[in-house]
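Descriptive structure summary
Each chain is listed here by its residues.
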Amino acid sequence: PPLAIQSEIWAAGGIGPARLAIMHRVTGPRTTILGRLRDAPAGSAFVACDGDVAMLHALEVAAPFRRGGLGRHMLTAAAAWALGQGAG
């Protein structure tokens with residue numbers, strides 16, 4: 001399950017119960033990514049795989065940390081994880 005701080009980041013970004021429920025329904029490989037900037041939690045993402053298809057869901061960067069490249073780094077981390085799961 002996601003860390004509490006990830007849930008807080010998602011909630012602040014407007015990602016509510018309906019979107020969080022999607023994460024709980026996934027039965028295949030899945031993970032969350034916690035992005036950090038300046039030694040602080042700054043973003044969160046959820047990624048899952050179904051066979052060779054990866055799906056990024058709920059990528060959110062907290063407002064004070066936007067426009068600094070964190071979203072791109074988290075997307076890269078999600079892609080690397082997905083490749084390791086056989087997606088491509």
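Scroll up a little and you will see the structure.
This text gives an overview of the structure that appears in the document. (Residues numbered from 1 in each chain as written. Predicted model: local features only at pLDDT ≥ 70, side-chain atom pairs only at ≥ 80, totals over all residues. Heavy atoms only, no water.)

1. A short note on helix α1 (residues 4-12)
Condition: Note on classification: 1.4 Å probe, protein chains only; a residue is buried when its accessible area is under 20% of the maximum for its type, exposed when over 50%, partly exposed between these limits. The helix count covers DSSP runs of H or I at least four residues long, the strand count covers runs of E at least two residues long, and both are numbered beginning at the N terminus. Read the arc as the range of directions from the helix axis to the C-beta atoms. For this analysis, residues touch if any pair of their heavy atoms sits within 4.5 Å.
Those residues of α1 lying buried are Q6, I9 and W10. Along the long axis of α1, the arc covered by the buried residues comes to 95°, so they all point the same way. Summarising the geometry of α1, the exposed residues directed more than 90 degrees from the buried face are A4, A11 and A12. If you follow the buried residues of α1, they end up packed against α2 (17-25), β1 (30-37), β2 (40-50) and β3 (53-61). Positive phi appears at G14, one or two residues downstream of α1, with a value of about 90°.

2. So, the side chain of Q6
Test applied: What qualifies as a polar contact is a pair of N or O atoms within 3.5 Å, subject to a donor-acceptor requirement within protein and to the restriction that residues adjacent in sequence count only when both atoms come from side chains.
Along the chain, Q6 falls in helix α1. Given the relative accessible area of 1%, Q6 is considered buried. In terms of polar contacts, Q6 uses its side chain to reach the side chain of S44, at 3.1 Å. Apart from the residues within four sequence positions on either side, Q6 is in contact with T32, I33, L34, S44 and A45.

3. Considerations on a nonpolar patch on the surface
Put simply, the test is: In this analysis, a patch consists of residues with relative accessible area above 30% that form no salt bridge, clustered at 9 Å for like charges and at 5 Å for the nonpolar side chains Val, Leu, Ile, Met, Phe, Trp and Tyr. Each accessible area is a Shrake-Rupley estimate made with a 1.4 Å probe; only the visible protein chains count as cover when residues are assessed. By convention in these notes, a salt bridge is any Lys or Arg side-chain nitrogen within 4 Å of a carboxyl oxygen on Asp or Glu.
A surface patch of nonpolar side chains, about 230 Å² in accessible area, is lined by L56, L59 and L75. L59 gets classed as partly exposed once you look at its relative accessible area, which sits at 34%.

4. Some words on the nonpolar core
We apply this condition: In these notes, a set of buried Ala, Val, Leu, Ile, Met, Phe, Trp, Tyr and Cys residues joined through side-chain atoms within 4.5 Å is what counts as a nonpolar core.
If you look at the biggest cluster of nonpolar residues, it comprises 10 residues: I33, A42, A45, V47, V61, A62, F65, L70, M74 and A78. Mapped onto this core, the elements with two or more residues apiece are β2 and α3 (70-84). Leaving out residues up to four positions away in the same chain, L70 has contacts with G35, R36, L37, A42, G43 and V61. Grouped together as the second largest cluster of nonpolar side chains are 6 residues, I15, M23, A48 and A58 included.

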